[in-house]
Amino acid sequence: MIEKGKISGSQMAIMMNPAIFATVLLLVPAITAKHAKQDMWLSPIWSSLMGFLAVFLAYKLNRIYPKNTLIEYCELILGKVLGKILGALYLFFYFHITGIIVREYGEFVSGTFLPHTPMLFIFGTMILVCSFAVYGGLEVIGRCSEMIVPVVLFLYLVIFIMLLKDLDIRNMFPLMANGLAPSIKGSIVPQSWFSEYILIAFFLPYLTNREKGLKWGLISVASVMFFIVLTNFTSLLLFGNLTSTLTYPVMIATQYISIAEFLEHLEAIVMAIWVAGTFIKITVFYYALTLGTAQWLKLSDFRPLVFPIGFLLISFGAWSAPSLQELSHFLSTSAPFYLLSLQIIVPFILLIIALIRNKFLRKKETATG
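This is a predicted model, so every value here is computed, not measured.

1. What to know about empty space enclosed by the protein
At step 1: The tally for this structure, following the rule as stated, stands at three cavities of 30 Å³ or more.
At step 2: If you add up the space inside the largest cavity, you get close to 100 Å³.
At step 3: Mapped by element, the contributors of at least two residues to the lining of the largest cavity are α4 (80-112), α8 (188-194), α13 (324-332) and α14 (335-368).
At step 4: Top element by residues in the lining of the largest cavity is α4. It accounts for four residues.
At step 5: Here the lining of the largest cavity is built from residues that sort into eight nonpolar, two polar and three charged.

As structure tokens, this is what we get:
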């Protein structure tokens, strides 16, 4: 195994939390509100089903191939040629997705805090910091997550508590006026984020106790669902039907906070949450991409690839979208089908083939025995 480090199931769950919700919390409430309207708080519940399915698929594949990651068992299931082709497709997919995450980070920082700073500089500094974490290996990423994520979640809850006095419960009525259809339609885009839980396929082989991988994966999905429901619920009660017109509802929500005319203008807290959460998210995707590339190339160590891949990620961040508007349009239209195809449908097909293949091999062994 290329990676010698080990992490616990709880560390994996903590790592995956910002890997999913870091970008969801700022962008998705507005996208969901366009379809679900006052039922937008229900949409993450339906979306989370895709996260539970992704965790189940990754866990079942790991049970069959306990020492291998997604890139490795593509070849074990489909054979050398088809497996290599599918592995290369996954690597390009993760290059593209990580580039999009980097671009989302750059657009937010540039658009709200550093409008005169070149976008490539914003990309480059984040990728440089992430590259040191990736170079340190899985244990370093796990420990960074344990230090950063609890603080991020605490600050996020503090923001919601401070907004309680400004919330208007009337904005959520009438409940399900048009049935479940709007909330289900609004759940399609968040499903693509929840499908990213298939990433645990890169971490399950390195758990100290793989038997607890499923439990901690499901706990992580449930916690992410809670925070997205809380975000959508707060945005709805604060802005009502205006939520769909806002690019970053959470950022604007912090401008409403004013306690005793002393505690206000807390945009810096959102900035801290976003940067810290995105650091973990980019690092997790960056690590999976680097590890997968080394495994695809049959290298003995992934570390020589860290900085070259980091340079390519800066390029993908610049190429992924010409503007924030184009990026938002892609995320709300084509992205769900693109992400769900490679993160749910293909792993499901791989699992079916693996189960049939193993059943056939067992019958063959029984017959020859």
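2. Overview of a nonpolar patch on the surface
At step 1: On the surface, Ile345, Phe348, Ile349, Ile352, Ile353, Leu355 and Ile356 cluster together into a nonpolar patch covering about 610 Å² of accessible area.
At step 2: Among the secondary structure elements, isoleucine 353 is positioned in helix α14.
At step 3: Of the residues examined, isoleucine 353 reaches a relative accessible area of 31% and is grouped as partly exposed.

3. Concerning the state of the cysteines
At step 1: Tallied over the full model, the rule gives zero disulfides.
At step 2: Just so you know, cysteine 144 is unpaired, no disulfide at all, and the nearest cysteine sulfur is the one on cysteine 130, 9.8 Å from it.

4. Observations concerning the packing of α4 against helix α11 (residues 267-296)
At step 1: Direction vectors running N to C along α4 and α11 enclose 160°, while the axes themselves pass 10 Å from each other. Relative to α11, the element α4 lies roughly antiparallel. Between α4 and α11 the crossing geometry is left-handed.
At step 2: Partitioned by chemical class, the residues of the contact of α4 with α11 number 19 nonpolar, five polar and three charged.

5. Let's talk about the packing of helix α2 (residues 43-64) against helix α9 (residues 213-239)
Pairs of packed helices are described in terms of their axes, by the angle between the two and the distance that separates them.
At step 1: Between α2 and α9, the least distance of the axes is 9 Å, while the angle of their chain directions is 160°. Looking at the two axes, α2 sits roughly antiparallel to α9. α2 and α9 meet at a crossing whose hand is right-handed. Contacts between α2 and α9 pair Pro44, Ile45, Ser48, Gly51, Phe52, Val55, Phe56 and Tyr59 from the former with Leu214, Gly217, Leu218, Val221, Ala222, Met225, Ile228, Val229 and Asn232 from the latter.

Criteria and cut-off values
- Residues numbered from 1 in each chain as written.
- Predicted model: local features only at pLDDT ≥ 70, side-chain atom pairs only at ≥ 80, totals over all residues.
- Heavy atoms only, no water.
- 1 Å grid on protein atoms, 1.4 Å probe; cavity = no way out; pocket = protein on both sides within 12 Å on 5 of 7 lines; lining within 4 Å.
- Points joined across faces, edges and corners; volume = space filled by probe spheres on them.
- Helix = DSSP H or I, 4+ residues; strand = E, 2+ residues; numbered from the N terminus.
- Nonpolar A, V, L, I, M, F, W, Y, C, P; charged D, E, K, R; others polar.
- Patch = residues over 30% accessible without salt bridge, like charges linked within 9 Å, V, L, I, M, F, W, Y side chains within 5 Å.
- Areas by Shrake-Rupley, 256 points an atom, 1.4 Å probe, with all protein chains shown as cover.
- Salt bridge = Lys/Arg side-chain N within 4 Å of Asp/Glu carboxyl O.
- Buried < 20%, exposed > 50% of the residue type's maximum accessible area, 1.4 Å probe, protein only.
- Disulfide = S-S within 2.5 Å.
- Axes fitted to C-alpha atoms, helices over the stretch in contact; angles between N-to-C directions.
- Parallel < 35°, antiparallel > 145°, perpendicular 65-115°, else oblique.
- Left-handed = near helix turned anticlockwise from the far one by under 90°.
- Contact = heavy atoms within 4.5 Å.

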